Amino acid sequence: MARQQPPPWVHAAFLLCLLSLGGAIEIPMDLTQPPTITKQSVKDHIVDPRDNILIECEAKGNPAPSFHWTRNSRFFNIAKDPRVSMRRRSGTLVIDFRSGGRPEEYEGEYQCFARNKFGTALSNRIRLQVSKSPLWPKENLDPVVVQEGAPLTLQCNPPPGLPSPVIFWMSSSMEPITQDKRVSQGHNGDLYFSNVMLQDMQTDYSCNARFHFTHTIQQKNPFTLKVLTNHPYNDSSLRNHPDMYSARGVAERTPSFMYPQGTASSQMVLRGMDLLLECIASGVPTPDIAWYKKGGDLPSDKAKFENFNKALRITNVSEEDSGEYFCLASNKMGSTRHTISVRVKAAPYWLDEPKNLILAPGEDGRLVCRANGNPKPTVQWMVNGEPLQSAPPNPNREVAGDTIIFRDTQISSRAVYQCNTSNEHGYLLANAFVSVLDVPPRMLSPRNQLIRVILYNRTRLDCPFFGSPIPTLRWFKNGQGSNLDGGNYHVYENGSLEIKMIRKEDQGIYTCVATNILGKAENQVRLEVKDPTRIYRMPEDQVAKRGTTVQLECRVKHDPSLKLSISWLKDDGPLYISNRMKKEEDSLTIFGVAERDQGSYTCVASTELDQDLAKAYLTVLGRPDRPRDLELTDLAERSVRLTWIPGDDNNSPITDYVVQFEEDQFQPGVWHDHSKFPGSVNSAILQLSPYVNYQFRVIAVNEVGSSHPSLPSERYRTSGAPPESNPSDVKGEGTRKNNMEITWTPMNATSAFGPNLRYIVKWRRRETRDTWNNATVWGSRYVVGQTPVYVPYEIRVQAENDFGKGPEPETVIGYSGEDLPSAPRRFRVRQPNLQTINLEWDHPEHPNGILIGYTLKYVAFNGTKVGKQMAETFSPNQTKFTVQRADPVSRYRFTLSARTQVGSGEAVTEESPAPPNEAYTNNQADIATQGWFIGLMCAIALLVLILLIVCFIKRSRGGKYPVREKKDVPLGPEDPKEEDGSFDYSDEDNKPLQGSQTSLDGTIKQQESDDSLVDYGEGGEGQFNEDGSFIGQYTVKKDKEETEGNESSEATSPVNAIYSLA
């Protein structure tokens, strides 16, 4: 966060303003005056031959001046050339080639003359040249033959152009030639090789010249190199080897200079131009260049190094930059130096340029023309374009070297004087007129102006005036007081009043009064003082991660009578408010901050009078830039050193570097992680595998994320060796019942160690221990056929390449293919009660593979009715299951099978036992639906009700009425009797536990006696309720003649029982 100072141009503008305040007073254009040149073309005027030619010359004067031209110091008659015309009210020449003509015919030196009756003004001598872009001469270039390690210069020699063309080197296929400290282009356009390498033959070399005006490129026929070498193979692994040259049989040698040649040279440069010194050296290894100045340091503010330190440029040269400079070329074999003596010359430059001179009759004055240069320039005076020596004599004028003195000037002294100062490097020409006028004071600005100024600022009140003799000017405030000059006030020559610091009390009306011997004139200016605009809450510096939201505050106080506007700058340029930004009255919000949002943000609070600036810097934490300039050194059989230059961390420190590699044999174009290093290093030793053609790249990582990968390094191939490992994940599994497929994970490029990687596959049955079978495989699978079903095999897989075999492999157990299993053994179904059914089984006798489970399917059925089939799956270890019955009468059919990966095998089927009284219950279900049975049951229920009523009556009378069906036994004291005096009317002989026996299947079998009502119910479950009503369902008794002999059915009739009770 900082309150921004006004931009530099504000101070520069104020300085220029102050300089103009001290300048000469201009004559109003309504007064007569000699001509003044206001616009002209540059001295060296180069034009495009495809366009019309324009040579500018503008002037002012009263009366308006007329124009004529000279060409090569002779009068140029415009009227005689139909292509040449002059613009109206101007001296600008137009040469039109639309109807034909050659622009080159008009080349030469032109000068413009502007004349009225008071004098003649001259333009500079304008040298007109037509731009040229000549074609390259046709030439057949023989191949350039050079020994590897020798220096080489490919000369460009471009055709002379105007202006000089821009030179660059490319291949014939328009690919730029890569330049470095070994191969680079000199300032003269030649291409220099400090030492030639075999790789330089991979392309050709063509010099190209680009011409500015025509925008054309001329291409020279390409050079072809033929490099003689002792090492014919361009092995990339040697390119960055520390002893690369000796490894290739190239002799190392000390540096020597290719340009400039020798040990010393000299160079001249003009003051104000750029000095370019260049040293290009040969040598093996490639030498480094360093620059020094004898007896002092290089000017750090003006010096910069170019072309890989082979060039030193010093800008805006001055005399202090002359002296001796030397360049030092050095490598490990030695060093050499070249000394360049620099001489600084100077074209003429102004010390005191002559200015217009306005005098009243009888006044004295002078014109001064002082210039400097190296060599020292000469001064020549002219008047109205003619040498002063040939002008009519003037007794009021005296020439004293670079000064002309005027005494007791009269009207006849009016003229335009030219000062021409020159040396061998150039010239300067200046016009200054002498005007003799007799004019009373006059104000040149509007009257009663309103000036609003900001408190505490410096301000200027203008009061332009004119008069001859030049009037004196005084300022007054509010029409009273003394002249305002001194202290907080300063009056300039042109009449402006400067107030150095505005205060509230400076507000008021200011009057300026101009006076000379011919009279006086005055004007008034009203001054208002306003409060300054101030940012009282400034934006603060912030650090933000990408994607977050940032708010920059900017709260302002200002004078309420002024209109306030707030704008924002980014990096000192206008800020484009995108849809990710929101500008409010007192803040700027940036949503989803991105890397491009980083920079300085300046809040500009401005009114029509002033402004205030406050700047804050937004730092965006972003992913790092990619590393660059990867270099391989210290090359060994199993290692290499990789060095890189880190990219910008984008405000978040780099924590790690990830080195990746790619090889071009097994997986070309696929990058793999090799190793990881701390963010503090930029060089690392990489361990390598044999017979891999490596290429590396580096990725930088910080807290925000990963950079883009660097550009790849050069390739480096390691030598081969036998494999040191065998393939992993070896398996043997059957895909069919009579085979076994042996598979493994193939070895990658870093474990192959040599060409033609293959695998020796061995197998044999485990239990028989036969001899090993073997096969050589190039892929990652092998199928063994005609195998028994699911038997174990011993398997070995060994890697082999052209350099040898890998280590002895480990033995892996695999199995041949599986088949369907046999049926589960001893499938048993048990029914412990009417609610559950228990199932048990044993594993199949022949699994034929790995059991993966069992499948049980079952369905409930009752007669012809069949329920929905259910299915269950079990793990291979489960051999029991319990089924919960849905009802007590249905039976179940179960089907069980075992499963392997091939599928389900043979199934075994069992049914559950029949439930108790299944036939009887079915018969009951059939009778219960008959109409007669329903009527009979209603009659029996009515009789039972009557019986209960009779029993109740008897009991209430104290009688004892035993209820029996057949036996006539008197009631005894042992008869069961309830505590409340009631009797149990159920026949003791008919109780289930006493009158029945249980069969083997769990059913109850009736005895011979049928005296119980059980025969009419459902298995002896009939009983009485508390109110004496009978609970149970009567059913018609089956024909006892068929089941129990000849006993009478009448005695068992419920009706008879009721009559006997009565």
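Whatever comes next refers back to the structure up there.
Residues numbered from 1 in each chain as written. Predicted model: local features only at pLDDT ≥ 70, side-chain atom pairs only at ≥ 80, totals over all residues. Heavy atoms only, no water.

## A few points about the overall build of the chain
Scanning the chain from N- to C-terminus turns up eight helices and 84 strands. In the chain, buried positions account for 42% of the 1062 residues. Taking all contacts inside the chain whose residues are at least 6 apart in sequence as the whole, residues at least 24 apart take part in 65%. Surface accessibility of the chain: about 56800 Å² in total, with carbon and sulfur atoms responsible for 49%. (Helix = DSSP H or I, 4+ residues; strand = E, 2+ residues; numbered from the N terminus. Buried < 20%, exposed > 50% of the residue type's maximum accessible area, 1.4 Å probe, protein only. Contact = heavy atoms within 4.5 Å. Areas by Shrake-Rupley, 256 points an atom, 1.4 Å probe, with all protein chains shown as cover.)

## Some details on the sheet that holds strand 34 (residues 386–387)
Strand pairing in a sheet relies on backbone hydrogen bonds, with the paired strands running either antiparallel or parallel. Pairing in this open sheet of five strands is mixed, and the strands run 30-38-37-33-34 from one edge to the other. Where the open sheet ends on each side, the last strands, each with one partner, are strand 30 (357–359) and strand 34. Where strand 37 (residues 415–423) and strand 38 (residues 426–436) come together, nine bridges link them in antiparallel fashion. Opposite Tyr417, over in strand 38, you have Ala432 as the bridge partner. (Pairing = 2+ DSSP bridges.)

## Quick word on the state of the cysteines
In this structure the tally under the stated criterion is six disulfides. Between the sulfur atoms of Cys279 and its disulfide mate Cys327 the distance is 1.9 Å. With the S-S bond torsion at -70 degrees, the cross-link from Cys279 to Cys327 turns out left-handed. Here the residue Cys279 occupies a position in the loop between strand 23 (275–278) and strand 24 (280–284), and Cys327 occupies one in strand 28 (residues 323–331), the gap between them amounting to 48 residues. In terms of burial, Cys279 and Cys327 fall into one category: buried. (Disulfide = S-S within 2.5 Å.)

## Things to note about helix 5 (residues 931–956)
Compared with an ideal rise of 1.5 Å per residue, which puts 26 residues at 38 Å, helix 5 spans 38 Å between its outermost C-alpha atoms and is within 8% of the ideal. Taken residue by residue, helix 5 has Phe933, Met937, Ile940, Val944, Leu947 and Cys951 as its buried positions. (Expected span 1.5 Å × (residues − 1).)

## Considering unusual backbone geometry
For residues that are not glycine, phi is negative in most cases, and the peptide bond is trans in most cases. Residue Tyr259 is joined to Pro260 through a cis peptide bond whose omega torsion reads -15 degrees. Considering the arrangement of structural elements, one finds Pro260 in the loop between strand 21 (253–259) and strand 22 (264–270). A positive phi angle, close to 50 degrees, is found at Asn307, a residue other than glycine. Within the secondary structure layout, Asn307 lies in the loop between strand 26 (303–306) and strand 27 (311–314). We note that Asp729 has phi near 60 degrees; this positive angle belongs to a residue other than glycine. Assignment of secondary structure puts Asp729 in strand 65 (residues 728–733). Its relative accessible area of 45% is what places Asp729 among the partly exposed residues.

## Structural notes on the side chain of Asp321
In this fold, Asp321 is placed in the loop between strand 27 and strand 28. Asp321 has contacts with Lys293, Pro299, Lys302, Ile314, Asn316, Val342 and Val344, leaving out every residue within four places of it along the chain.

## Looking at a nonpolar patch on the surface
Taken together, Leu942, Leu945, Ile946, Ile949, Phe952 and Ile953 make up a surface patch of nonpolar side chains, about 580 Å² in accessible area. Relative to the elements of secondary structure, Leu942 occurs in helix 5. (Patch = residues over 30% accessible without salt bridge, like charges linked within 9 Å, V, L, I, M, F, W, Y side chains within 5 Å. Salt bridge = Lys/Arg side-chain N within 4 Å of Asp/Glu carboxyl O.)

## Here's the deal with the pattern of salt bridges
This structure, assessed with the given rule, holds 51 salt bridges. For Arg546, the salt bridge identified is with Glu595, shortest N-O distance 3.1 Å. Residue Arg546 is located in the loop between strand 49 (542–545) and strand 50 (550–553), and its partner Glu595 is located in the loop between strand 55 (587–590) and strand 56 (599–606); the two are separated by 49 residues in the primary sequence. Assessed through its relative accessible area of 32%, Glu595 is described here as partly exposed. Glu724 is the partner of Arg638 in a salt bridge, and the nearest nitrogen-oxygen pair spans 3.9 Å. In this pair, Arg638 sits in the loop between strand 58 (628–633) and strand 59 (639–645) while Glu724 sits in the loop between strand 64 (716–717) and strand 65, placing the two residues 86 residues apart along the sequence. In this structure Arg638 comes out as partly exposed when scored by relative accessible area, which is 33%. Relative accessible area serves as the criterion here: at 54%, Glu724 is assigned to the exposed category. Members of the salt-bridge network, linked through shared partners, are Arg537, Glu553, Arg555 and Asp586.

## Re the side chain of Glu794
Structurally, the position occupied by Glu794 is in strand 70 (residues 792–801). Using a relative accessible area of 6% as the deciding quantity, one classes Glu794 as buried. Discounting residues that sit within four places of it in the chain, Glu794 has contacts with Lys762, Trp763, Arg764, Arg766, Arg769, Trp772, Thr811, Val812 and Ile813.

## Remarks on the nonpolar core
Counting 52 residues, the largest nonpolar core has Trp69, Leu473, Trp475 and Tyr510 as the members making the most contacts within it. Among all residues touching Tyr510, those that are not within four sequence positions of it are Leu461, Trp475, Phe476, Lys477, Leu484, Tyr489, Leu497, Ile499, Asn523, Gln524, Val525 and Leu527. Core analysis: the next-biggest nonpolar cluster, separate from the first, contains 21 residues, Trp169, Tyr205, Cys207 and Val227 among them. (Core = buried A, V, L, I, M, F, W, Y, C linked by side-chain atoms within 4.5 Å.)

## Observations regarding the pairing of strand 59
Of the pairings in the sheet, the one linking strand 58 to strand 59 comprises four bridges and is antiparallel in character. Looking at the pairing, Arg628 lines up with Ile645 of strand 59. Between strand 58 and the antiparallel strand that follows it, strand 59, lie five residues; Asp634 among them carries a positive phi value of about 50 degrees. Where strand 59 and strand 62 (residues 683–687) come together, five bridges link them in antiparallel fashion. Paired with Arg641 across the strands is Ile685, a residue of strand 62.

## Points about the sheet that holds strand 26
With antiparallel pairing, three strands are arranged side by side in an open sheet as 23-27-26. Among the strands making up the open sheet, the edge pair consists of strand 23 and strand 26. On average, each strand axis in the sheet is inclined to that of its neighbour by 20 degrees, with strand direction left out of account. Note that strand 23 and strand 27 share four bridges and pair antiparallel. Bridging from a neighbouring strand, Leu276 pairs with Arg313 of strand 27. (Axes fitted to C-alpha atoms, helices over the stretch in contact; angles between N-to-C directions.)

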